[in-house]
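Notes for the structure review
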Amino acid sequence: EPVDNSPAIVVGSGYGGAVAALRLAQAGIRTLVLEMGRAWNTAGPDGKVFCTTASPDKRSMWFRARTEAPLASFLWLDVVNRDITPYPGVLDRVRFANMSVYVGRGVGGGSLVNGSMAVTPLRSYFAEQFPTVDATEMYGTYFPRARAMLGVNSIDPAWFESTDWYRFTRTARKAAQRTGLRTTFVPSVYDFAYMRKEAAGTVPRSALGQEVIYGNNHGKRSLDKTYLAAALGTGNVTLHTMEKVTAISRASDGSWVLETGRLDDTGTVVETKQYGCAYLFLGGGSLGTTELLVRARQSGTLPALDASVGAGWGPNGNVMLGRANHLWDTTGADQSTMPVMGIDDWANPDNPVFAEMAPLPTGLENWVSLYLAITKNPERATLSYDNGSLSLSWSAAQSAVSVAMAKKLFDRINAANSTIYRYDLFGTPSKVFADDFCYHPLGGCVLGKATDDYGRVKGYSRLYVTDSSLVPGNIGVNPFVTITALAERTMARVLVEDTAP
Ligand code: FDA
């Protein structure tokens, strides 16, 4: 088989991959980006690139015959999911024994499907999780750089107080305040100027049109509009879509060899190829990158990988839950899909939790306050490759630790407000806490353990990890700003120290 050579290859086009591609290209290094998902830039027969959350079609999910939305039911009815034709849709649900992991598929990775919340972690907790990283440099240089590049903006507080679209958040805030809890605005990469035009009816609706987990047709500054657009604009980046990297090995001259499979719209591998490069950057996300590495260690192609590759995985303590409000505490028929506020109880030494106030836009008043709680769960699991597939050792008991923390906080809120939990949202009768899925997979190739302090993989030269695999299982807030800032830090160092002629 012919080997197609590039100076640098980047696997994946999410946050870690996009930062690597841009900074390599700007340094004049020709770079090939290999992404298993499709490009989301052409409209379907309905004139839209993405389908809505309310009426999902084949574009919604990655090769499924039925959608698998995180909220499986409403009033115990299976009204949420739909039968669809298998297709390379934008949202994937990767199922392990006790944990399903949602990930984005396509050019832009998770940025295509996520809630846009652009949160910088508490400095003291960042320092606790990354003791070998210079926090002054992170907070002075790399976090600001990441936020600027990602296009982070904040909601105008006056508009927030007056618009119907955030009544659900104001109601959730009132419940938190009655409990004596601190609430905080959360910045976003959704363009609030666009959202206000949506509210005024002068532009097509996206956040105000129930679009989010299956992609936003407007308003969102996803990576294809920011880092990746800039990377492609240099002329130094080639992007291959629908091409999945399946194996990594090292040639005798020290260069990297990648095996790939090109997928068609039915998921069939229509071609296998080989690529070579001098510098290899892994940005396949916590699952994608870790899978490639544990497979390479297991199969013997990269035997010198550290024993800690695969370890240190956590779901960022994710737990979802709903509270039932009193009839007079309405949440509104109109709800923006972009969360803008959280309950910040992270400084509570007994029970650190950050809980964002999530929308439940059903188009009708439903009196639900929905939350995604991020708990300081210290449990970690290991990803391994056995019998031809990736497995995750995360147990139900480890999820129970997150639930106990979320319950402690929300029992307080319910007591202070004389309210109860909603029992009808997560499919199984009486399931109150959705602890069997996560949006924030973190770890598997932890910074300073499986890599050096800059994401250089231990045991090999010119092999780098730039994505969520580096974060040790928990960061206390939504993770993409942290992932982006760490990738900026890695690239700044690597381009100075490793690629000089
Ligand atoms: P990411 O997953 O973004 O990208 C990896 C890319 O690599 C994907 O495009 C994938 O297809 C590709 N890939 C993987 N393996 C490959 C292979 N072998 N070959 C080729 N390509 C491969 N975070 C946040 O900060 N704020 C928020 O509001 C939210 N909300 C949210 C909602 C939902 C529904 C989800 C699913 C996630 C979030 N997140 C979030 C999480 C956030 O999106 C996530 O942490 C980042 O996208 C992770 O970035 P990475 O660069 O690690 O990988």
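Quick look at the structure, then. (Residues numbered from 1 in each chain as written. Predicted model: local features only at pLDDT ≥ 70, side-chain atom pairs only at ≥ 80, totals over all residues. Heavy atoms only, no water.)

1. Let's talk about the sheet that holds strand β3 (residues 91–95)
Selection rule: Two strands are said to pair when DSSP picks up at least two bridges between them. Each helix corresponds to a stretch of at least 4 residues labelled H or I by DSSP, and each strand to a stretch of at least 2 residues labelled E; elements are numbered beginning at the N terminus.
Taken together, three strands build an open sheet; the order of strands is β3-β4-β17 and the sheet is mixed. The two strands at the open ends of the sheet, each matched to only one other strand, are β3 and β17 (437–438). Two strands pair when backbone bridges link them, and strand β4 (residues 100–104) and β17 are joined in this way by two bridges, in the parallel orientation. Opposite Val 101, over in β17, you have Cys 438 as the bridge partner.

2. Points about the site of the ligand
Spelled out, the test is: Note on terminology: near, applied to a residue and a molecule or strand, indicates that one of the residue's heavy atoms is within 4 Å of it. Two N or O atoms count as a polar contact when they lie within 3.5 Å, although within protein this holds only if one can serve as hydrogen donor and the other as acceptor, and sequence-adjacent residues are included solely when both atoms are side-chain atoms. Note on areas: Shrake-Rupley with a 1.4 Å probe; residue coverage comes only from the protein chains shown. Side-chain classes follow a simple rule in which Ala, Val, Leu, Ile, Met, Phe, Trp, Tyr, Cys and Pro form the nonpolar group, Asp, Glu, Lys and Arg form the charged group, and the remainder, Gly included, forms the polar group.
Near the ligand lie 36 residues; those nearest to it are Glu 35, Gly 110, Met 117, Ser 468 and Phe 480. One of the backbone nitrogen or oxygen atoms of Ser 116 is found 3.3 Å away from an oxygen atom of the ligand. Take Val 245: an N or O atom from its main chain is 2.9 Å from a nitrogen atom of the ligand. When the free accessible area of the ligand is taken as 1,000 Å², the share hidden by the protein chains comes to 96%. Of all the elements in the fold, those that place two or more residues in the shell around the ligand are α1 (15–26), β4, β7 (243–250), α8 (285–299) and α10 (480–497). Considering every element that reaches the shell around the ligand, the biggest residue donor is β7, with three residues. Among the residues forming the shell around the ligand, the class breakdown is 13 nonpolar, 18 polar and five charged.

3. Focus on the pairing of β7
As judged from the seven bridges shared by β7 and strand β8 (residues 256–263), these two strands associate in the antiparallel manner. Within β8, the residue paired with Glu 243 across the bridge is Arg 262.

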